[in-house]
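Observations on the model geometry
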Amino acid sequence: MTRVIEWLISLLIVVALFVVIALFLPASRTVSHSVETNRPMSTVNDILSSYTRFGDWNALVNHDPRMKLTVSGPESGVGAKLAFYSDDATVGEGSWELVEFEPGRKIVYALDTPGRGSNKTMTFDFERTGQRKQNVKITQTFNVEYGYDLLGRYAGLYITDNVGEDMKLGLGKFSNLIATIPRFDYSQHDAEFAFVDLPAQNVLSATATAKRANDDIAVAMTNQLKWIEQVMEENDLESAGPLRIVTNEFGADAYGFDVVMPVRPEGTGPAGEEEATEEGDDVAATDGEEAAEGGEEAAAEGANAEERIAEIAQERVSLDAPLDASVMPEVLDIEIKPGRNNTANPVVYLQVPAHRAVTTTYVGPAPALPRVRDLIRAWAMVRGAETAERPYEDYLIEIEDMLSDNAEFQAYWPVKVGDEMPGAAVQLVPEPVAEGAASPPPGQEGEAGAEDAPAEAEETESAE
């Protein structure tokens, strides 16, 4: 009996020590880790304020790559919530909910996760650093309260090893992820960005290469466009959309591109389009005074070109929305004849499959388009899209106006839909030469030069 009493007394002493020590342990815990990046604040904000790239940077998924993630609420910002569930008992289930967002300053998530403690939060604080304040220091802080949960206070002794290690791993993954995104601040671009679907089209295309000089590029575009217009005239075709320039290679000294024109049989466009055009011509011819007034207004508008923002022509879609790229347009009966002196005509007839692309609009001189391409690629990657194929622009103006401050363009970059790459264009005329086939007949070898282009194109070049 004495030994039992001694054992009970010892147990009481241990319990008392446990309680006393627990009372002196912190009732809350905080763990912080930091990382610095040279990427724009907009990129940092957008990745951390949504769940689009959550699995690419957060260490949570490392514990169970097969866990289920469910997003609810808005796509980003306050109210966006991610719930997770894992069959692994050590991971369990819980959620992250964005409860506070101050762009460029702070993002706060409320956490509901397994383990002791309450009022759990994960905060990301942003601070501009560097000589020109172009870098961003990201400080991630985890807070948890235990109150009078004595066991929780003891559990807090290991929070640095558990949560802290996950935070370091997550910030490391975040640094690797953000390093893959182009260093361009798309928040400085006034026009909106969006994902859109482009229908399958019949197109005529001509490849060109020019020196990286505005005049040389314009002449090359004009020459190839004249070849295309000649083929359109010979085959009774009309344009089915704006002129498109597809970038093949953008080097330090040369620019390689395709001049592309969507086409359809003449007279098969939207009803009334031709009549409306003719009526517009008549009004313009008979209303000289109003035309003059319109010119003055246009000049005033040109002075404020920087304030003008063109609108995206297509309906916006979700990146994950289904896309049927199997339907192709009716094949047209097109004949492409050689040029003068039996020179090979550079034009080919292609069918371009339907595809999804990230897009934005731009108003200003064409030499800024390479930067616009980088902006749309950065915007797309932040949202989990993978760009593919070649970028291109619709020219909503004439080639001769491409250097104007009022020039309007819509830029595109095709993206993957799920794991599917955009379909490749199919060349129908002339039939592609099979590998190992005989060479073309004499007089049809090589690219057509400016001297072989249609007469109007030659005049354009000489005028330059």
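A brief structural summary.

**Some points on the overall build of the protein chain**
What the protein chain contains, in helices and strands, is 11 helices and 18 strands. Counting across all 464 residues of the protein chain, residues that qualify as buried make up 41%. Counted over contacts in the protein chain with a minimum sequence separation of 6, partners at least 24 positions apart contribute 71%. Put simply, the protein chain shows about 25500 Å² of open surface, and 50% of that area lies on carbon and sulfur atoms.

**What to know about the pairing of strand β15 (residues 355–363)**
Of all 9 residues in β15, 9 are buried, a share of seventy percent or more. Alternating residues of β15 divide into H355, A357, T359, T361 and V363 and R356, V358, T360 and Y362, and every residue in both groups is buried. Bridge count between strand β8 (residues 193–198) and β15: 6 bridges; the pairing is antiparallel. Residue V196 lies in a different strand from β15, and its bridge partner there is A357. Relative to strand β17 (residues 408–414), β15 is paired through 7 bridges, and the arrangement is antiparallel. Across the sheet, the residue bridging to Y362 is F409, located in β17.

**What to know about the environment of L243**
With respect to the helices and strands, L243 occurs in strand β11 (residues 243–250). The sequence separation of L243 and I399 amounts to 156 residues, and the corresponding C-alpha distance is 9.0 Å.

**So, the pattern of salt bridges**
Tallied over the full model, the rule gives 14 salt bridges. In this structure, R53 and D56 form a salt bridge, with 2.6 Å as the shortest nitrogen-oxygen distance. For D56, a relative accessible area of 38% corresponds to the partly exposed category. Across the pair R244 and D394 runs a salt bridge, and its minimum N-O distance is 3.2 Å. With a gap of 150 residues between them, R244 in strand β11 and D394 in strand β16 (residues 392–395) connect regions that are remote in the sequence. This pair shows no difference in class: R244 is buried, exactly as D394 is.

**Looking at the nonpolar core**
L204 and F257 are the most contacted members of the largest nonpolar core, which has 88 residues in total. Apart from residues no more than four positions distant in its own chain, L204 is found in contact with I228, V231, M232, L237, V259, V260, M261, V263, I334, V347, V348 and Y349. Core analysis: the next-biggest nonpolar cluster, separate from the first, contains 13 residues, V203, V348, A357 and Y392 among them.

**Some thoughts on the packing of aromatic side chains**
Overall, the coordinates contain 16 aromatic pairs when judged by the stated rule. Consider the rings of Y186 and F193, whose centres lie 6.1 Å apart with planes at 75°: the pair is edge-to-face. Here Y186 matches F193 in class, with each residue buried. Taking 6.1 Å as the distance between ring centres and 15° as the angle between the ring planes, the aromatic pair formed by Y362 and F409 counts as stacked. Remark: F409 occurs in strand β17 and Y362 occurs in strand β15; sequence separation between them is 47 residues. An aromatic cluster of three or more residues is present, and its members are Y51, F54, W57, W96, Y109, F124 and F174. If you follow R153 out to its NZ or CZ, it ends over the ring of Y148, 5.6 Å from the centre. The aromatic ring of W413 is capped on one face by R377, whose charged end is 5.9 Å from the ring centroid.

Rules used throughout
- Residues numbered from 1 in each chain as written.
- Predicted model: local features only at pLDDT ≥ 70, side-chain atom pairs only at ≥ 80, totals over all residues.
- Heavy atoms only, no water.
- Helix = DSSP H or I, 4+ residues; strand = E, 2+ residues; numbered from the N terminus.
- Buried < 20%, exposed > 50% of the residue type's maximum accessible area, 1.4 Å probe, protein only.
- Contact = heavy atoms within 4.5 Å.
- Areas by Shrake-Rupley, 256 points an atom, 1.4 Å probe, with all protein chains shown as cover.
- Pairing = 2+ DSSP bridges.
- Salt bridge = Lys/Arg side-chain N within 4 Å of Asp/Glu carboxyl O.
- Core = buried A, V, L, I, M, F, W, Y, C linked by side-chain atoms within 4.5 Å.
- Phe/Tyr/Trp six-rings, centres within 6.5 Å; stacked < 30°, edge-to-face > 60°.
- Lys NZ or Arg CZ within 6 Å of the ring centre and 35° of its normal.

Interpretation in functional terms is not warranted from these geometric data alone.
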